[in-house]
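A closer look at the structure
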Amino acid sequence: MKVLVTGGAGFIGSHTCVQLMSAGHEVVIVDNFCNSKPETIGNIEKIVGRPVHLYRNDLRDLEAMRRVFAEHHIDAVIHFAGLKSVPESIQKPLAYYENNLGSTFVLCQAMLEADCKRIVFSSSATVYGNDNPVPFKEGMPTSAINPYGYTKVMIEQFLTDLSAADPAWSICLLRYFNPVGAHPSGLLGEDPNGIPNNLLPYVSQVAAGLRSEVIVYGNDYDTPDGTGIRDYVHVTDLARGHLAAVQYVLEHNGTEIINLGTGQGTSVMEIMEAYSHACGRALPYRIASRRPGDIAVCYADPEKARSILGWEAQKDVGQMCSDSWNFAKNRYEVAPSS
Ligand code: NAD
Ligand code: WQD
(Lines give C-alpha, C1' and ligand atoms only; values in the text may rest on other atoms or scores of the structure.)
(Ligands and ions follow the chains in the order given, each with its own letter.)
Protein backbone atom coordinates (compact mmCIF):
# COMPACT_ATOMS: atom_id res chain seq x y z
CA MET A 1 0.00 0.00 0.00
CA LYS A 2 1.01 3.65 -0.37
CA VAL A 3 0.77 5.74 2.80
CA LEU A 4 0.98 9.52 3.07
CA VAL A 5 2.81 10.35 6.28
CA THR A 6 2.43 13.99 7.35
CA GLY A 7 5.20 15.04 9.72
CA GLY A 8 7.20 12.00 8.59
CA ALA A 9 10.52 13.69 9.41
CA GLY A 10 9.54 14.10 13.07
CA PHE A 11 10.29 11.87 16.04
CA ILE A 12 7.41 9.39 15.81
CA GLY A 13 6.82 9.85 12.07
CA SER A 14 10.39 8.93 11.09
CA HIS A 15 10.27 5.66 13.08
CA THR A 16 6.90 4.85 11.55
CA CYS A 17 8.20 5.49 8.01
CA VAL A 18 11.07 3.06 8.65
CA GLN A 19 8.67 0.33 9.75
CA LEU A 20 6.19 0.96 6.92
CA MET A 21 8.97 0.80 4.32
CA SER A 22 10.61 -2.21 5.96
CA ALA A 23 7.25 -3.98 5.70
CA GLY A 24 7.27 -3.30 1.94
CA HIS A 25 4.87 -0.34 1.83
CA GLU A 26 5.49 2.87 -0.08
CA VAL A 27 5.70 6.09 1.88
CA VAL A 28 5.10 9.69 0.80
CA ILE A 29 6.21 12.26 3.37
CA VAL A 30 4.95 15.84 3.64
CA ASP A 31 6.92 17.91 6.13
CA ASN A 32 7.91 21.57 6.33
CA PHE A 33 10.78 20.78 8.77
CA CYS A 34 9.54 23.37 11.26
CA ASN A 35 10.49 20.95 14.06
CA SER A 36 12.75 18.44 12.30
CA LYS A 37 15.77 18.28 10.07
CA PRO A 38 16.07 17.30 6.39
CA GLU A 39 18.96 14.93 7.35
CA THR A 40 16.35 12.69 8.98
CA ILE A 41 15.06 11.75 5.52
CA GLY A 42 18.57 10.56 4.57
CA ASN A 43 18.73 8.55 7.78
CA ILE A 44 15.40 6.87 7.06
CA GLU A 45 16.70 5.98 3.57
CA LYS A 46 19.97 4.70 5.04
CA ILE A 47 18.17 2.36 7.45
CA VAL A 48 15.68 1.09 4.88
CA GLY A 49 17.97 1.09 1.84
CA ARG A 50 15.57 2.78 -0.58
CA PRO A 51 14.39 6.31 -1.34
CA VAL A 52 11.47 8.15 0.24
CA HIS A 53 9.04 10.33 -1.73
CA LEU A 54 9.39 13.70 -0.02
CA TYR A 55 7.37 16.90 -0.36
CA ARG A 56 8.85 19.81 1.53
CA ASN A 57 5.55 21.59 2.00
CA ASP A 58 3.38 23.12 4.62
CA LEU A 59 0.22 21.10 5.08
CA ARG A 60 -1.82 24.30 5.09
CA ASP A 61 -0.94 24.82 1.40
CA LEU A 62 -4.00 23.29 -0.29
CA GLU A 63 -2.57 23.53 -3.82
CA ALA A 64 0.55 21.65 -2.73
CA MET A 65 -1.57 18.99 -1.03
CA ARG A 66 -3.68 18.62 -4.17
CA ARG A 67 -0.47 17.99 -6.12
CA VAL A 68 0.57 15.24 -3.67
CA PHE A 69 -2.73 13.41 -4.16
CA ALA A 70 -2.65 14.00 -7.93
CA GLU A 71 0.84 12.50 -8.20
CA HIS A 72 0.25 9.49 -5.92
CA HIS A 73 -2.61 7.09 -5.37
CA ILE A 74 -2.69 7.23 -1.57
CA ASP A 75 -4.39 4.32 0.22
CA ALA A 76 -4.30 5.86 3.70
CA VAL A 77 -2.87 8.83 5.61
CA ILE A 78 -1.05 8.91 8.93
CA HIS A 79 -1.29 12.46 10.23
CA PHE A 80 1.56 13.28 12.64
CA ALA A 81 2.23 16.88 11.57
CA GLY A 82 1.53 19.42 14.27
CA LEU A 83 3.13 21.60 16.91
CA LYS A 84 3.53 19.78 20.22
CA SER A 85 5.05 21.91 22.96
CA VAL A 86 2.69 22.56 25.87
CA PRO A 87 4.48 25.70 27.21
CA GLU A 88 4.87 27.15 23.73
CA SER A 89 1.16 26.60 23.08
CA ILE A 90 0.35 28.71 26.16
CA GLN A 91 2.56 31.52 24.85
CA LYS A 92 1.45 31.26 21.22
CA PRO A 93 -2.12 29.96 21.13
CA LEU A 94 -2.82 31.44 17.70
CA ALA A 95 0.12 29.58 16.16
CA TYR A 96 -1.01 26.31 17.73
CA TYR A 97 -4.69 26.51 16.79
CA GLU A 98 -3.79 27.84 13.35
CA ASN A 99 -1.21 25.15 12.59
CA ASN A 100 -2.80 22.10 14.19
CA LEU A 101 -6.41 22.74 13.19
CA GLY A 102 -5.65 24.51 9.89
CA SER A 103 -3.35 21.76 8.64
CA THR A 104 -5.91 19.08 9.51
CA PHE A 105 -8.70 20.94 7.68
CA VAL A 106 -6.58 21.39 4.54
CA LEU A 107 -5.41 17.78 4.66
CA CYS A 108 -8.98 16.50 4.93
CA GLN A 109 -10.13 18.80 2.11
CA ALA A 110 -7.40 17.38 -0.17
CA MET A 111 -8.27 13.83 0.95
CA LEU A 112 -11.95 14.40 0.21
CA GLU A 113 -11.21 15.72 -3.28
CA ALA A 114 -9.00 12.67 -3.95
CA ASP A 115 -11.60 10.31 -2.47
CA CYS A 116 -9.09 9.06 0.10
CA LYS A 117 -10.99 8.70 3.38
CA ARG A 118 -8.74 6.60 5.59
CA ILE A 119 -6.73 8.36 8.27
CA VAL A 120 -4.81 7.57 11.43
CA PHE A 121 -4.42 10.63 13.66
CA SER A 122 -1.84 11.37 16.38
CA SER A 123 -3.85 12.25 19.44
CA SER A 124 -2.54 12.26 22.98
CA ALA A 125 -3.22 11.10 26.51
CA THR A 126 -3.43 14.81 27.30
CA VAL A 127 -7.12 14.65 26.21
CA TYR A 128 -7.93 12.74 29.42
CA GLY A 129 -7.40 16.06 31.25
CA ASN A 130 -6.96 16.28 35.01
CA ASP A 131 -10.09 14.65 36.41
CA ASN A 132 -10.22 11.04 35.23
CA PRO A 133 -9.02 8.17 37.43
CA VAL A 134 -6.17 5.95 36.17
CA PRO A 135 -5.89 3.81 34.17
CA PHE A 136 -7.26 5.98 31.38
CA LYS A 137 -9.82 4.23 29.17
CA GLU A 138 -10.96 5.40 25.75
CA GLY A 139 -14.60 5.96 26.82
CA MET A 140 -13.73 8.51 29.52
CA PRO A 141 -14.72 12.17 29.04
CA THR A 142 -12.11 14.35 27.39
CA SER A 143 -10.93 17.83 28.33
CA ALA A 144 -7.80 19.95 28.19
CA ILE A 145 -5.88 22.41 30.30
CA ASN A 146 -3.73 24.11 27.65
CA PRO A 147 -4.06 25.19 23.99
CA TYR A 148 -2.04 22.20 22.74
CA GLY A 149 -4.42 19.82 24.50
CA TYR A 150 -7.45 21.67 23.15
CA THR A 151 -6.17 21.27 19.58
CA LYS A 152 -6.15 17.48 20.12
CA VAL A 153 -9.64 17.48 21.69
CA MET A 154 -10.97 19.61 18.82
CA ILE A 155 -9.34 17.58 16.04
CA GLU A 156 -10.68 14.37 17.58
CA GLN A 157 -14.16 15.94 17.53
CA PHE A 158 -13.76 17.26 13.98
CA LEU A 159 -12.67 13.86 12.62
CA THR A 160 -15.46 12.09 14.49
CA ASP A 161 -17.97 14.54 12.94
CA LEU A 162 -16.54 13.86 9.46
CA SER A 163 -17.15 10.15 9.76
CA ALA A 164 -20.60 10.70 11.30
CA ALA A 165 -21.55 12.77 8.24
CA ASP A 166 -20.06 10.35 5.72
CA PRO A 167 -19.75 6.70 6.74
CA ALA A 168 -17.17 6.11 4.00
CA TRP A 169 -14.54 7.70 6.26
CA SER A 170 -12.39 5.38 8.28
CA ILE A 171 -10.63 7.08 11.16
CA CYS A 172 -8.37 5.86 13.94
CA LEU A 173 -7.56 8.29 16.74
CA LEU A 174 -4.45 7.03 18.51
CA ARG A 175 -3.86 8.45 21.98
CA TYR A 176 -0.15 8.14 22.75
CA PHE A 177 1.07 8.21 26.31
CA ASN A 178 4.74 9.26 26.75
CA PRO A 179 6.73 8.31 23.62
CA VAL A 180 10.47 7.93 24.32
CA GLY A 181 13.47 5.88 23.14
CA ALA A 182 15.12 5.91 19.74
CA HIS A 183 15.89 3.70 16.76
CA PRO A 184 18.43 1.00 17.74
CA SER A 185 20.75 2.21 14.93
CA GLY A 186 21.21 5.50 16.81
CA LEU A 187 20.29 7.36 13.59
CA LEU A 188 16.77 8.46 14.60
CA GLY A 189 15.59 9.87 17.89
CA GLU A 190 14.11 12.89 19.62
CA ASP A 191 16.15 16.02 19.05
CA PRO A 192 14.26 19.08 20.33
CA ASN A 193 15.32 22.64 19.59
CA GLY A 194 16.38 24.65 22.63
CA ILE A 195 15.82 23.51 26.21
CA PRO A 196 13.85 20.25 26.23
CA ASN A 197 10.47 20.36 28.02
CA ASN A 198 10.11 16.61 28.27
CA LEU A 199 11.88 14.45 30.80
CA LEU A 200 13.80 11.98 28.62
CA PRO A 201 15.36 14.50 26.20
CA TYR A 202 16.38 16.61 29.21
CA VAL A 203 17.91 13.64 31.04
CA SER A 204 19.76 12.68 27.82
CA GLN A 205 21.33 16.14 27.63
CA VAL A 206 22.42 15.93 31.27
CA ALA A 207 23.93 12.50 30.59
CA ALA A 208 25.73 13.91 27.53
CA GLY A 209 27.15 16.78 29.62
CA LEU A 210 25.19 19.56 27.90
CA ARG A 211 23.27 20.44 31.07
CA SER A 212 24.41 20.27 34.66
CA GLU A 213 21.51 18.54 36.42
CA VAL A 214 18.03 17.18 35.98
CA ILE A 215 15.34 19.27 37.62
CA VAL A 216 12.78 16.97 39.21
CA TYR A 217 9.43 18.76 39.29
CA GLY A 218 8.03 17.82 42.67
CA ASN A 219 8.67 14.98 45.12
CA ASP A 220 5.53 15.53 47.17
CA TYR A 221 2.97 13.81 44.94
CA ASP A 222 0.86 11.03 46.36
CA THR A 223 3.02 8.34 44.69
CA PRO A 224 5.41 5.79 46.27
CA ASP A 225 8.53 8.00 45.88
CA GLY A 226 6.66 11.32 45.64
CA THR A 227 7.58 11.99 41.99
CA GLY A 228 5.24 12.01 38.99
CA ILE A 229 4.30 8.74 37.32
CA ARG A 230 3.88 8.34 33.55
CA ASP A 231 3.35 5.58 31.00
CA TYR A 232 6.54 5.70 28.90
CA VAL A 233 6.27 3.82 25.61
CA HIS A 234 9.12 3.02 23.22
CA VAL A 235 8.84 4.87 19.91
CA THR A 236 9.46 1.67 17.89
CA ASP A 237 6.57 0.00 19.72
CA LEU A 238 4.44 3.04 18.84
CA ALA A 239 5.54 2.83 15.21
CA ARG A 240 4.41 -0.81 15.14
CA GLY A 241 1.04 0.34 16.52
CA HIS A 242 0.67 2.63 13.49
CA LEU A 243 1.18 -0.26 11.08
CA ALA A 244 -1.62 -2.12 12.82
CA ALA A 245 -3.83 1.00 12.84
CA VAL A 246 -3.32 1.69 9.15
CA GLN A 247 -4.25 -1.90 8.36
CA TYR A 248 -7.31 -1.46 10.58
CA VAL A 249 -8.55 1.66 8.73
CA LEU A 250 -8.14 -0.15 5.42
CA GLU A 251 -10.50 -2.87 6.63
CA HIS A 252 -13.09 -0.96 8.74
CA ASN A 253 -15.17 2.20 8.44
CA GLY A 254 -16.19 4.62 11.20
CA THR A 255 -14.14 6.13 14.03
CA GLU A 256 -12.13 4.17 16.57
CA ILE A 257 -10.24 5.68 19.50
CA ILE A 258 -7.30 3.64 20.79
CA ASN A 259 -4.74 4.21 23.56
CA LEU A 260 -1.12 3.36 22.79
CA GLY A 261 0.58 2.88 26.13
CA THR A 262 2.13 0.07 28.12
CA GLY A 263 -0.28 0.18 31.05
CA GLN A 264 2.76 0.50 33.37
CA GLY A 265 3.55 3.61 35.38
CA THR A 266 7.16 4.72 36.02
CA SER A 267 8.19 7.55 38.34
CA VAL A 268 10.71 10.29 37.55
CA MET A 269 13.15 8.77 40.07
CA GLU A 270 12.76 5.34 38.46
CA ILE A 271 13.60 6.90 35.08
CA MET A 272 16.66 8.55 36.65
CA GLU A 273 17.80 5.21 37.96
CA ALA A 274 17.23 3.38 34.66
CA TYR A 275 19.00 6.12 32.68
CA SER A 276 21.94 6.19 35.11
CA HIS A 277 22.27 2.45 34.59
CA ALA A 278 22.14 2.90 30.78
CA CYS A 279 24.79 5.63 30.66
CA GLY A 280 26.97 4.14 33.37
CA ARG A 281 27.00 6.97 35.89
CA ALA A 282 24.73 8.47 38.54
CA LEU A 283 23.08 11.57 37.07
CA PRO A 284 22.96 14.75 39.15
CA TYR A 285 19.51 16.09 39.97
CA ARG A 286 17.77 18.71 42.08
CA ILE A 287 14.26 18.63 43.47
CA ALA A 288 12.18 21.67 42.49
CA SER A 289 8.55 22.59 43.01
CA ARG A 290 5.79 20.97 40.96
CA ARG A 291 5.41 22.09 37.35
CA PRO A 292 2.06 23.89 36.87
CA GLY A 293 -0.48 21.74 35.02
CA ASP A 294 1.21 18.39 35.82
CA ILE A 295 -0.86 15.53 37.19
CA ALA A 296 0.52 13.01 39.67
CA VAL A 297 -0.15 9.81 37.77
CA CYS A 298 -0.97 9.00 34.13
CA TYR A 299 -1.09 5.55 32.57
CA ALA A 300 -3.15 3.75 29.96
CA ASP A 301 -5.54 0.91 29.97
CA PRO A 302 -3.98 -0.76 26.89
CA GLU A 303 -6.64 -3.47 26.52
CA LYS A 304 -8.44 -1.98 23.50
CA ALA A 305 -5.21 -1.82 21.47
CA ARG A 306 -4.64 -5.47 22.31
CA SER A 307 -8.13 -6.62 21.35
CA ILE A 308 -8.71 -4.42 18.28
CA LEU A 309 -5.24 -4.00 16.80
CA GLY A 310 -3.50 -7.05 18.30
CA TRP A 311 -0.88 -4.55 19.53
CA GLU A 312 1.02 -4.68 22.77
CA ALA A 313 4.10 -2.72 23.85
CA GLN A 314 7.15 -4.97 24.17
CA LYS A 315 10.08 -2.81 25.26
CA ASP A 316 10.70 -1.92 28.90
CA VAL A 317 12.02 1.26 30.48
CA GLY A 318 15.59 -0.12 30.54
CA GLN A 319 15.50 -0.53 26.76
CA MET A 320 13.91 2.92 26.32
CA CYS A 321 16.75 4.52 28.30
CA SER A 322 19.56 2.57 26.61
CA ASP A 323 18.24 3.38 23.10
CA SER A 324 17.78 6.99 24.11
CA TRP A 325 21.38 7.14 25.38
CA ASN A 326 22.68 5.43 22.24
CA PHE A 327 21.04 8.17 20.13
CA ALA A 328 22.20 10.97 22.46
CA LYS A 329 25.83 9.74 22.33
CA ASN A 330 25.72 9.96 18.52
CA ARG A 331 23.85 13.22 18.38
CA TYR A 332 25.98 15.05 20.94
CA GLU A 333 29.22 13.31 19.92
CA VAL A 334 29.98 12.03 23.40
CA ALA A 335 33.50 10.60 23.54
CA PRO A 336 33.61 6.94 24.63
CA SER A 337 34.71 6.61 28.29
CA SER A 338 38.10 5.00 28.82
P1 NAD B 1 7.67 16.19 15.97
O2 NAD B 1 7.61 17.65 16.21
O3 NAD B 1 8.97 15.49 16.09
O4 NAD B 1 7.08 15.86 14.52
C5 NAD B 1 6.07 16.63 13.92
C6 NAD B 1 6.51 16.92 12.48
O7 NAD B 1 5.49 17.68 11.83
C8 NAD B 1 7.80 17.73 12.38
O9 NAD B 1 8.69 17.08 11.49
C10 NAD B 1 7.35 19.09 11.84
O11 NAD B 1 8.35 19.69 11.04
C12 NAD B 1 6.10 18.71 11.06
N13 NAD B 1 5.10 19.77 10.91
C14 NAD B 1 4.50 20.49 11.90
N15 NAD B 1 3.60 21.34 11.35
C16 NAD B 1 3.63 21.14 10.01
C17 NAD B 1 2.91 21.70 8.92
N18 NAD B 1 2.00 22.68 9.09
N19 NAD B 1 3.19 21.26 7.67
C20 NAD B 1 4.11 20.29 7.46
N21 NAD B 1 4.80 19.70 8.47
C22 NAD B 1 4.58 20.13 9.71
O23 NAD B 1 6.57 15.51 16.92
P24 NAD B 1 6.37 13.98 17.34
O25 NAD B 1 6.84 13.82 18.72
O26 NAD B 1 6.86 13.09 16.27
O27 NAD B 1 4.79 13.95 17.39
C28 NAD B 1 4.02 13.60 16.27
C29 NAD B 1 2.55 13.83 16.60
O30 NAD B 1 2.20 13.08 17.75
C31 NAD B 1 2.19 15.28 16.92
O32 NAD B 1 0.93 15.56 16.35
C33 NAD B 1 2.12 15.30 18.42
O34 NAD B 1 1.24 16.29 18.89
C35 NAD B 1 1.61 13.90 18.72
N36 NAD B 1 1.98 13.43 20.06
C37 NAD B 1 3.29 13.47 20.43
C38 NAD B 1 3.65 13.06 21.71
C39 NAD B 1 5.08 13.16 22.18
O40 NAD B 1 5.30 13.23 23.39
N41 NAD B 1 6.06 13.12 21.30
C42 NAD B 1 2.67 12.57 22.59
C43 NAD B 1 1.34 12.52 22.16
C44 NAD B 1 1.01 12.96 20.88
C1 WQD C 1 7.09 13.53 32.52
C2 WQD C 1 7.31 13.61 34.05
C3 WQD C 1 7.21 15.84 34.91
C4 WQD C 1 10.75 17.29 32.78
C5 WQD C 1 3.95 15.82 27.90
C6 WQD C 1 2.74 16.53 27.37
C7 WQD C 1 1.76 15.53 26.82
C8 WQD C 1 2.43 14.58 25.82
C9 WQD C 1 3.72 14.01 26.33
C10 WQD C 1 2.09 15.37 23.62
C11 WQD C 1 6.36 14.57 34.75
C12 WQD C 1 8.59 15.28 35.08
C13 WQD C 1 9.71 16.53 33.27
C14 WQD C 1 11.78 17.67 33.65
C15 WQD C 1 10.69 16.51 35.43
N16 WQD C 1 2.80 15.28 24.61
N17 WQD C 1 9.68 16.14 34.58
N18 WQD C 1 11.72 17.26 34.95
O19 WQD C 1 4.17 16.20 31.00
O20 WQD C 1 3.73 13.70 31.04
O21 WQD C 1 3.55 14.93 28.93
O22 WQD C 1 4.55 15.05 26.84
O23 WQD C 1 0.93 15.05 23.48
O24 WQD C 1 0.73 16.26 26.25
O25 WQD C 1 2.15 17.28 28.42
O26 WQD C 1 5.77 14.56 29.88
O27 WQD C 1 8.20 14.29 29.79
O28 WQD C 1 7.25 16.58 30.22
O29 WQD C 1 7.09 14.85 31.99
O30 WQD C 1 10.68 16.17 36.62
O31 WQD C 1 12.75 18.36 33.26
O32 WQD C 1 8.62 14.11 34.27
O33 WQD C 1 6.85 16.62 36.02
O34 WQD C 1 6.08 14.01 36.01
P35 WQD C 1 4.26 14.90 30.33
P36 WQD C 1 7.15 15.12 30.40
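Refer to the preceding data block for the structure.
Around ligand 1 sit 28 residues in total, of which D31, N35, S36, K84 and Y148 are the nearest. At 3.3 Å from an oxygen atom of ligand 1 is found a main-chain nitrogen or oxygen belonging to G10. One of the side-chain N or O atoms of D31 is found 2.6 Å from an oxygen atom in ligand 1. For the shell around ligand 1, the per-class residue count stands at 12 nonpolar, 11 polar and five charged.

At their nearest, the axes of helix α1 (residues 11–22) and helix α8 (residues 235–251) sit 8 Å apart, and the two run at 60 degrees to each other. In terms of orientation, α1 and α8 fall into the oblique class. Of the two possible hands of crossing, α1 and α8 adopt the one that is right-handed. On the side of α1, the interface is formed by F11, I12, H15, T16, Q19 and L20, while α8 contributes V235, T236, L238, A239, R240, H242, L243 and V246. Class assignment of the residues belonging to the contact of α1 with α8 gives a composition of eight nonpolar, five polar and one charged.

A word on the pattern of salt bridges. Under the criterion given, the structure shown has 19 salt bridges. Between D191 and R331 there is a salt bridge, with the nearest N and O atoms lying 2.6 Å from each other. Of this pair, D191 sits in the loop between β7 (178–180) and α7 (199–207) while R331 is found in helix α11 (residues 317–331), placing the two residues 140 residues apart along the sequence. Judged by relative accessible area, which is 21%, D191 ranks as partly exposed. Across the pair E312 and R306 runs a salt bridge, and its minimum N-O distance is 3.2 Å. A relative accessible area of 43% places E312 in the partly exposed class. Here R306 falls in the partly exposed class, since its relative accessible area comes to 34%. Salt bridges sharing partners connect three or more residues here, namely K37, D191 and R331.

With that settled, the discussion passes to the nonpolar core. Across soluble globular proteins, nonpolar side chains show a tendency to be buried alongside one another. Counting residues in each nonpolar core, the largest one holds 37 residues, and the members touching the most others are L20, I44, V120 and L174. Broken down by element, the residue count for this core peaks at seven residues, all from α8. Those residues in contact with I44, other than ones at most four positions away along the chain, are G8, S14, C17, V18, M21, I29, V52 and L188.

A separate point is the site of ligand 2. Around ligand 2 there are 17 residues in total, and S124, Y148, I215, R230 and D294 lie nearest to it. Within the side chain of S124, a nitrogen or oxygen atom sits 2.7 Å from an oxygen atom of ligand 2. Within the contact set of ligand 2, an oxygen atom lies 2.6 Å away from a side-chain nitrogen or oxygen of Y148. When ligand 2 is considered free in solution it has 680 Å² of accessible area, and contact with the protein chains removes 87% of it. Across the shell around ligand 2, the residue classes tally to eight nonpolar, six polar and three charged.

On the basis of which strands lie adjacent, the open sheet formed by seven strands has the order β3-β2-β1-β4-β5-β6-β11 and parallel pairing. Looking at the sheet topology across the chains shown, the edges are occupied by β3 (53–55) and β11 (254–260). For this sheet, the mean inter-axis angle between neighbouring strands, taken without regard to orientation, is 20 degrees. Of the pairings in the sheet, the one linking strand β4 (residues 76–79) to strand β5 (residues 118–124) comprises three bridges and is parallel in character. If you follow V77 over to β5, its bridge partner there is I119. Each of β5, β6 (170–176) and β11 touches helix α6 (residues 147–165); the most contacted strand, β5, lies at about 155 degrees to it.

On to α6, then. For an α-helix, 3.6 residues make a turn, and residues three or four places apart therefore share a direction. The first and last C-alpha atoms of α6 sit 27 Å apart over 19 residues, in line with the 27 Å expected at 1.5 Å per residue. Within α6, the full set of buried residues consists of P147, Y148, G149, T151, K152, V153, I155, E156, L159, L162 and S163. Residues of α6 that are buried make contact with α4 (86–91), α5 (93–113), β5, β6 and β11.

Okay, the packing of α7 against helix α9 (residues 268–279) next. Their axes nearest at 11 Å, the elements α7 and α9 cross at an angle of 40 degrees. With respect to their mutual orientation, α7 and α9 come out oblique. Considering only the axes of α7 and α9, their crossing is right-handed. Between α7 and α9, the contacting residues are L199, L200, V203, S204 and A207 on the first element and V268, I271, M272, Y275 and C279 on the second. Per-class residue counts for the contact of α7 with α9 are nine nonpolar, one polar and no charged.

Another aspect to go through is the environment of C108. Residue position: C108 is located in helix α5. Among all residues touching C108, those that are not within four sequence positions of it are F158, L159, L162 and W169.

The rules we used
Residues numbered from 1 in each chain as written. Chains lettered and ligands numbered in written order. Predicted model: local features only at pLDDT ≥ 70, side-chain atom pairs only at ≥ 80, totals over all residues. Heavy atoms only, no water. Near = heavy atom within 4 Å. Polar contact = N/O pair within 3.5 Å; in protein donor to acceptor, adjacent residues only side chain to side chain. Nonpolar A, V, L, I, M, F, W, Y, C, P; charged D, E, K, R; others polar. Axes fitted to C-alpha atoms, helices over the stretch in contact; angles between N-to-C directions. Helix = DSSP H or I, 4+ residues; strand = E, 2+ residues; numbered from the N terminus. Parallel < 35°, antiparallel > 145°, perpendicular 65-115°, else oblique. Left-handed = near helix turned anticlockwise from the far one by under 90°. Contact = heavy atoms within 4.5 Å. Salt bridge = Lys/Arg side-chain N within 4 Å of Asp/Glu carboxyl O. Buried < 20%, exposed > 50% of the residue type's maximum accessible area, 1.4 Å probe, protein only. Core = buried A, V, L, I, M, F, W, Y, C linked by side-chain atoms within 4.5 Å. Areas by Shrake-Rupley, 256 points an atom, 1.4 Å probe, with all protein chains shown as cover. Pairing = 2+ DSSP bridges. Expected span 1.5 Å × (residues − 1).

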